[in-house]
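Coordinate analysis (summary)
Spelled out, the chains give:
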Amino acid sequence: MENHITQISREDLDNLREAFDKIDIDNSGYVSDFELQELFREASFSLPGYRVREIIEIFIAGDTNKDEKISFEEFVSIYQELKSKEFSETFRKTIARRDGIRSFGGTSEISSEGTQHSYSDEEKVAFVNWINKALANDPDCRHLLPMNPANDSLFTSVRDGILLCKMINLSQPDTIDERVINTKKLTTFTMTENLVLVLNSASAIGCTVVNIDAHDLMAGKPHLVMGLLWQIIKTGLFADIEISRHEALINLLAKDEELDHLLSVSPEELLLRWVNSHLHNAGTQPIRNFSEDIKDSQAYFYLLDQISPKGEGEDERSINIDMSSLNEPDLEHRAELMLCQAARLDCRQFVSPHDVTSGNSKLNMAFVANLFNMYPALHTSQINGTETVLIEGESREEKTFRNWMNSLGVSPYVNHLYCDLCDALVIFQLYEKVNVPVDWKRVNRPPYPTLGANMKKLENCNYAVELGRTQARFSLVGIGGENLNEGSTMHTLALIWQLMRRYTVLVLSDLGDGEKVGDQIILNWVNSTLSHGRKNTQISSFKDKLISTSLPVIDLIDTIAPNAVKQDMVKRGELSDADKLNNAKYAISVARKIGARVYALPDDLVEVKPKMVLTLFACLMGRGLRKADH
């Protein structure tokens with residue numbers, strides 16, 4: 001095998017060393033296996049997470065030290081093997097042994113030449129069945145549904161954008177104004193418009209869409225279609241797994257646990273706690289994951305038995321789960337019998353018997369999330385016998401900021417704006433997005449030491465504030481690292497807003513550096529463009545009450561993208577609150593359809609929220625300038 005290993009040049013070796021040193025912050029000479037993906041990214045050899053996990057299984061499993069650490073020499077060896085043809089063949093055979101994995105060649109902006117993109121056949125089948133059921137009665141999807149899970153019809157069905165638009169609205173209702181979707185006499189141009197609308201709307205609900213464009217979706221690139229669809233589906237499944245939306249989840253508070261901590265845990269952890277709460281009530285063992293621990297279907301039998309309707313409500317029917325197959329010796333057959341019970345609850349979605357017995361964590365998590373959404377079976381809202389106070393959900397502004405961050409692909413995923421930013425790692429990534437250089441050697445990374453963990457996080461936060469003041473030139477009066485570390489709402493929002501504003505105005509590069517584009521420049525451009533289009537909807541500021549009608553936005557779009565606005569969809573004259581909201585929904589969807597990555601929401605326009613109004617006009621200005629350049 002040695003003869004087939006790709007030789008690495010001195011220059012490549014130097015680059016690999018530089019990348020390794022960036023990740024090896026403590027200069028130990030090792031990186032952890034969980035840092036491998038980031039290491040590949042630093043080495044300009046980006047690999048998706050599932051590939052990295054495969055590599056860890058293949059290589060680290062043979063690590064004689066069993067220390068789960070990778071030396072520079074081991075990393076170079078992995079890199080060489082990846083680059084070699086021999087490894088491609090070995091890897092292909094490894095994948096081929098894993099039932100249902102499809103592998104195919106191809107490149108994208110985020111992959112190196114010759115990278116093999118893979119997708120799971122089981123996941124494709126699960127997604128097709130979910131979509132077929134969810135959109136079965138949608139007249140706009142009749143030409144696409146039902147898709148055949150046995151072939152690749154999923155990848156051709158997304159090319160006109162209609163199905164994806166509908167799935168986004170299924171996950172987050174009213175994200176897309178359906179009056180804006182092109183559904184008739186479809187051409188390449190109108191399909192591309194739909195797909196641009198999809199990507200900008202997916203971004204607005206927090207999906208990571210970097211390195212995907214309309215052409216990728218129109219071409220039906222399987223790994224990109226599957227990745228986007230999973231994000232959209234997961235967003236919908238997890239929407240209600242949140243305490244402010246489902247206060248009975250407070251019952252999952254552990255003994256001596258602070259409520260603030262429970263409020264900050266991820267939906268995945270809440271889901272696991274929910275399952276274990278029901279398993280505890282059933283008098284059986286808890287599970288630690290949705291992979292290994294559910295393979296024997298026993299936890300699922302007990303869960304279904306606990307959540308099934310017991311006929312307690314006035315009209316509620318009773319469904320008794322048949323537990324007689326709990327000890328069926330054939331695990332695959334046992335899983336099938338368990339799923340027959342789930343079908344009685346109309347919850348046989350996402351998993352096949354093989355997905356259960358093989359422990360497909362993604363599909364099993366989706367299966368459980370759907371069970372939660374259908375039958376949460378948490379009836380009380382008390383902590384230790386006392387009534388709970390009303391739990392406030394995140395504000396619209398907080399949600400917008402969080403979705404913006406997640407759409408940029410920050411890691412870790414931000415579930416809770418304040419808790420997930422308290423070590424500043426996400427903030428450093430956002431600085432890089434707005435061209436503020438970060439000295440990563442000064443950054444402490446997880447896993448943090450058991451003793452002194454918060455000190456490490458505080459050091460990060462102090463550095464984040466220092467960067468904001470000295471490099472980004474942000475106004476951070478009265479803000480210290482401790483404010484970010486403690487999750488101070490006011491101070492964290494002040495920094496995040498300035499980052500988002502900088503990111504938004506960076507598209508106006510024709511006018512110089514982002515920070516030099518002041519509000520007045522954007523305002524002047526809006527009014528001069530409206531004048532040029534012979535519109536009489538001038539605005540005096542981003543607080544102008546006329547903005548509540550959305551007419552200045554609609555007229556601006558009509559000027560920079562003629563024919564994008566259907567005037568019969570727009571209400572003018574005396575407007576009711578409902579008219580204003582309808583105009584706002586239409587304006588934002590049309591803005592996204594013409595290529596403006598808008599994070600603002602319709603209510604932001606109706607209520608004239610100056611910050612979000614500014615970002616919307618800045619995005620449209622960027623779109624207008626791009627058109628002028630062409």
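Quick caveat, the model's predicted, so the values are computed rather than measured.

Re the overall build of the chain
Along the chain, the regular secondary structure elements total 27 helices and six strands. Here the chain holds 630 residues, and 52% of them are scored as buried. In the chain, of all internal contacts separated by at least 6 residues, the share reaching a separation of at least 24 is 59%. Of the accessible surface of the chain, which amounts to about 29,500 Å², a share of 48% is contributed by carbon and sulfur atoms.

What about the layout of surface pockets?
By volume, the second largest pocket is sized at about 810 Å³. Along the walls of the second largest pocket sit 35 residues, with Val 196, Lys 593, Ile 594, Gly 595 and Ala 596 positioned nearest its centre. The greatest single-element share of the lining of the second largest pocket, amounting to six residues, is contributed by helix H9 (residues 188-204). The residue makeup of the lining of the second largest pocket, split by class, is 19 nonpolar, eight polar and eight charged.

Details of the nonpolar core
Core analysis: the biggest nonpolar cluster contains 175 residues, and Trp 274, Phe 428, Tyr 431 and Ile 522 have the highest contact counts within it. Excluding its chain neighbours within four sequence positions, the residues that come into contact with Phe 428 are Val 438, Trp 440, Val 443, Asn 460, Tyr 463, Ala 464 and Leu 467. In terms of nonpolar packing, the next biggest core, distinct from the first, is built from 21 residues, Phe 40, Ile 56, Ile 70 and Phe 72 among them.

Observations regarding the packing of helix H8 (residues 162-171) against helix H11 (residues 222-238)
For the pair H8 and H11, interaxial distance at closest approach is 7 Å and the crossing angle is 25°. Considering the angle they form, H8 stands roughly parallel to H11. Packed against H8, whose contacting residues are Leu 164, Met 167, Ile 168 and Ser 171, the element H11 presents Leu 229, Ile 232, Ile 233, Thr 235 and Gly 236 at the interface. The class makeup of the residues in the contact of H8 with H11 is six nonpolar, three polar and no charged.

Quick look at the packing of aromatic side chains
With the rule as written, the count across this model stands at 13 aromatic pairs. Aromatic pair Phe 75 and Tyr 79: ring centres 6.4 Å apart, planes at 55°, arrangement tilted. In this pair, Phe 75 and Tyr 79 are both assigned in helix H4 (residues 72-83), four residues apart and thus about one turn of the helix distant. The exposure classification of Phe 75 matches that of Tyr 79, with both residues buried. Pairwise contacts between aromatic rings join Phe 20, Phe 40, Phe 72, Phe 75 and Tyr 79 into one cluster. One cation-aromatic arrangement involves Arg 17 over Phe 72; the distance from NZ or CZ to the ring centre is 3.8 Å.

Considerations on the confidence of the model for the chain
On average, residues of the chain score 87 in pLDDT, and 86% of them reach the 70 mark or higher. Across residues 103-116, where pLDDT falls below 50, the model places 35 contacts with residues more than four positions away in sequence or in other chains. Throughout residues 382-386 the model reports pLDDT below 50, and contacts reaching past four residues in sequence, or to other chains, amount to six contacts.

Notes on the environment of Phe 542
Looking at where Phe 542 falls in the secondary structure, it is placed in the loop between helix H23 (519-532) and helix H24 (551-560). Classification of Phe 542 by relative accessible area gives buried; the value is 8%. Separated by 67 residues in the primary sequence, Phe 542 and Lys 609 have C-alpha atoms spaced 8.0 Å apart. In this structure, Phe 542 is in contact with Asp 519, Ile 522, Leu 523, Ile 547, Val 608, Pro 610, Val 613, Leu 614 and Phe 617, ignoring residues within four places of it in sequence.

Quick look at the pattern of salt bridges
Under the defined criterion, the tally for this structure stands at 28 salt bridges. The partner of Arg 245 in a salt bridge is Asp 240, and the shortest N-O contact between them spans 3.0 Å. Take Arg 245: its relative accessible area is 46%, and that puts it in the partly exposed class. Among the residues examined, Asp 240 registers a relative accessible area of 33% and is labelled partly exposed.

Observations concerning the packing of helix H19 (residues 425-433) against helix H20 (residues 453-470)
Taken N-terminus to C-terminus, the directions of H19 and H20 make an angle of 25°; their axes are 9 Å apart at the nearest point. Between H19 and H20, the angle falls in the class roughly parallel. For H19 against H20, the interelement crossing comes out left-handed. In this structure, H19 uses Leu 425, Ile 427, Phe 428 and Tyr 431 to contact H20, whose residues at the interface are Asn 460, Tyr 463, Ala 464, Leu 467 and Gly 468.

What about unusual backbone geometry?
Look at the link from Ser 411 to Pro 412: it is a cis peptide, with omega at 5°. Mapped onto the elements, Pro 412 comes out in the loop between helix H18 (396-407) and H19. Going from Pro 446 to Pro 447, the amide bond is cis rather than trans, its omega being 0°. Within the secondary structure, Pro 447 is located in the loop between H19 and H20.

Notes on the environment of Phe 238
Of note, Phe 238 is situated in helix H11. Among all residues touching Phe 238, those that are not within four sequence positions of it are Pro 267, Glu 268, Leu 271, Met 365 and Ala 369.

A short note on the side chain of Asn 483
With respect to the secondary-structure elements, Asn 483 resides in helix H21 (residues 481-485). Its relative accessible area of 13% is what places Asn 483 among the buried residues. At 2.7 Å, the side chain of Asn 483 forms a polar contact with the backbone nitrogen of Gly 480. Once residues within four sequence positions are removed from consideration, Asn 483 is found in contact with Gly 478, Ser 488, His 491 and Thr 492.

Notes on H20
In this model, H20 (18 residues) spans 26 Å end to end at C-alpha, consistent with the 26 Å of a helix rising 1.5 Å per residue. Those residues of H20 that sit buried are Ala 453, Asn 460, Cys 461, Tyr 463, Ala 464, Val 465, Leu 467 and Gly 468.

Remarks on the environment of Ala 202
Of note, Ala 202 is situated in helix H9. Distance in space between the C-alpha atoms of Ala 202 and Gln 172 is 9.7 Å, their sequence separation being 30 residues.

Brief notes about the state of the cysteines
All told, the structure shown has zero disulfides when counted by the stated rule. In this model Cys 422 remains outside any disulfide bridge; the closest cysteine sulfur is found in Cys 419, 6.6 Å from its own.

Quick word on helix H13 (residues 267-281)
Here H13 is 15 residues long and its end C-alpha atoms lie 21 Å apart, about the 21 Å a rise of 1.5 Å per residue gives. Those residues of H13 that fall on the buried side of the exposure criterion are Pro 267, Leu 270, Leu 271, Leu 272, Arg 273, Trp 274, Val 275, Asn 276, His 278 and Leu 279. Elements in contact with the buried residues of H13: H11, helix H12 (259-264), helix H14 (298-307) and helix H17 (361-374). Just downstream of H13 lies Gly 283, where phi reads positive at about 75°.

A short note on the side chain of Thr 559
With respect to the secondary-structure elements, Thr 559 resides in helix H24. Exposure remark for Thr 559: the relative accessible area of 15% places this residue in the buried category. Among the polar contacts listed, one links the side chain of Thr 559 to the backbone oxygen of Asp 555, at a separation of 2.9 Å.

Cut-offs applied
Residues numbered from 1 in each chain as written. Predicted model: local features only at pLDDT ≥ 70, side-chain atom pairs only at ≥ 80, totals over all residues. Heavy atoms only, no water. Helix = DSSP H or I, 4+ residues; strand = E, 2+ residues; numbered from the N terminus. Buried < 20%, exposed > 50% of the residue type's maximum accessible area, 1.4 Å probe, protein only. Contact = heavy atoms within 4.5 Å. Areas by Shrake-Rupley, 256 points an atom, 1.4 Å probe, with all protein chains shown as cover. 1 Å grid on protein atoms, 1.4 Å probe; cavity = no way out; pocket = protein on both sides within 12 Å on 5 of 7 lines; lining within 4 Å. Points joined across faces, edges and corners; volume = space filled by probe spheres on them. Nonpolar A, V, L, I, M, F, W, Y, C, P; charged D, E, K, R; others polar. Core = buried A, V, L, I, M, F, W, Y, C linked by side-chain atoms within 4.5 Å. Axes fitted to C-alpha atoms, helices over the stretch in contact; angles between N-to-C directions. Parallel < 35°, antiparallel > 145°, perpendicular 65-115°, else oblique. Phe/Tyr/Trp six-rings, centres within 6.5 Å; stacked < 30°, edge-to-face > 60°. Lys NZ or Arg CZ within 6 Å of the ring centre and 35° of its normal. pLDDT = per-residue confidence, 0-100. Salt bridge = Lys/Arg side-chain N within 4 Å of Asp/Glu carboxyl O. Left-handed = near helix turned anticlockwise from the far one by under 90°. Polar contact = N/O pair within 3.5 Å; in protein donor to acceptor, adjacent residues only side chain to side chain. Expected span 1.5 Å × (residues − 1). Disulfide = S-S within 2.5 Å.

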